[in-house]
Amino acid sequence: MKIILPLAFALILSGPALAQQTSPQGSVTAGSGGTAAVGGNSASTLGAGAVSNSPNGDASALGMGASAAGDNTKTRAGVHGNNNLNGNAMAMAHDGGDMAKSHTVCHDRSDSVDCRTKTMAHEPGGPPVKSTSQGEAAIPQQ
Amino acid sequence: MNMRTMKLRHAYLLLACLAASPALAQVSASVTAGSIGGTAQAGSHTPPNTPDDRVARGPRTDDTRNCDSRGVRVQSGNGSASASASASPGGSSAVAGGGSPGAHTEFFGCDADDKRSAR
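Cut-offs applied
- Residues numbered from 1 in each chain as written.
- Chains lettered and ligands numbered in written order.
- Predicted model: local features only at pLDDT ≥ 70, side-chain atom pairs only at ≥ 80, totals over all residues.
- Pairing = 2+ DSSP bridges.
- Helix = DSSP H or I, 4+ residues; strand = E, 2+ residues; numbered from the N terminus.
- Axes fitted to C-alpha atoms, helices over the stretch in contact; angles between N-to-C directions.
- Core = buried A, V, L, I, M, F, W, Y, C linked by C-beta atoms within 7 Å.
- Buried ≥ 20, exposed ≤ 12 C-beta atoms within 10 Å, placed from the backbone.
- Contact = placed C-beta atoms within 7 Å.
- Nonpolar A, V, L, I, M, F, W, Y, C, P; charged D, E, K, R; others polar.
- pLDDT = per-residue confidence, 0-100.

Before going further, it helps to examine the sheet that holds strand β6 (residues 104-109) of chain B. Pairing between the strands of a sheet comes from backbone hydrogen bonds, and it takes one of two forms, parallel or antiparallel. All names here are of chain B. Strands sit in the order β1-β2-β4-β3-β6 across an open sheet of 5 strands; the sheet is antiparallel. Strands at the two margins of the open sheet, each flanked by one partner only, are β1 (27-33) and β6. Averaged over all adjacent pairs, the angle separating strand axes in this sheet is 10 degrees, with direction ignored.

Right under this line is the structure:
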């Protein structure tokens, strides 16, 4: 009895850990994008993600893009991760004075997609003009 | 076969279609920003275009020079999720794509052959 009781207690505690976790079934997509432009410089970034959970298996996909035009430009995009995907896209253009910048970050999780884009345009002597856009969607819990 | 049997069969067919509809439901999102565009689709169970079932990641992003166009398309292994991004000509650009294990990633545009990454 002294052994059985602790053993039963341990089994009760480990129950939730042993239970199989399943993602909610369904499909969602979301994306965001933005452009900043000032003078002859422009910078654009976007991201679009999809998550689908079905009896056939869980799947996700993420696409990112960046584009910039101007005297000096810099663009970068990347996607990392396996089941949870993280994406980044960055674009910047400047001519020594004016500067345009855009940055998008996306997350594909097991049951949701979230993308956020921030842009900034700046002229010398003036305040930076900033904006943020976001797209998010989640599979409802059953 | 009498009329009653035929009606019953049609009823079963209708029920089968209704039961299958949630699994076949498709959702999509399209995004456009300046000279780039992107789309994402989920829920369709179309098989992948190629038999390549290796996990794909990428791309190299050190090459962002101007080219005719540049794009990426990702499709999950079971075809139920896909995403794409493409940039129009002009300026510098970079695209990247990735998916869950088994996804197929394909790059388009200049240097597509070099930038195609699948591992």
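In this section: the nonpolar core. Counting residues in hydrophobic clusters, the biggest one holds 49 residues, and the most contacted among them are Ala 50, Ala 61, Leu 62 and Met 64 of chain A together with Val 95 of chain B. Considering every element that reaches this core, the biggest residue donor is strand β3 (residues 57-69) of chain A, with 7 residues. The residues contacting Ala 61 of chain A, other than those within four sequence positions of it, are Gly 49 and Ala 50 of chain A together with Ala 40, Val 74, Gln 75, Ser 76, Ala 81, Ser 82, Ala 83, Gly 99 and Ala 103 of chain B.

This brings us to the interface of chain A and chain B. Listed per partner, the contact involves 47 residues of chain A and 47 residues of chain B. Looking at the side of chain A that touches chain B, the elements that each hand over two or more residues are β1 (26-38), β2 (41-54), β3, β4 (72-81) and β5 (85-94) of chain A. Take the side of chain A that touches chain B: its biggest share by element is 13 residues, from β3 of chain A. Of the residues assigned to the side of chain A that touches chain B, the class counts are 16 nonpolar, 29 polar and 2 charged. Pairing of β3 of chain A with strand β5 (residues 92-99) of chain B, which is carried by 8 bridges, proceeds in the antiparallel orientation. By the bridge assignment for β5 of chain B, Gly 63 of chain A is matched with Gly 97 of chain B.

Residues and elements named next belong to chain B. On average, residues of chain B carry a pLDDT of 69, and 50% of them reach 70 or more. pLDDT under 50 marks residues 5-24. Its contacts with residues more than four places away, or in other chains, come to 2 contacts. Across residues 50-60, confidence stays below pLDDT 50; counting only partners more than four residues off in sequence or on other chains, it has 31 contacts. In the predicted complex, the global pTM is 0.77; the interface-specific ipTM is 0.83.

Let's shift gears to the sheet that holds β5 of chain B. Read across the sheet, 4 strands follow the order β1(A)-β2(A)-β3(A)-β5(B) without closing on themselves; strand pairing throughout is antiparallel. Of all the strands in the sheet, just β1 of chain A together with β5 of chain B have a single pairing partner and so form its edges. Each strand axis lies, on average, 5 degrees off the axis of its neighbour in the sheet, ignoring direction. In terms of strand pairing, β1 of chain A meets β2 of chain A through 13 bridges, oriented antiparallel.

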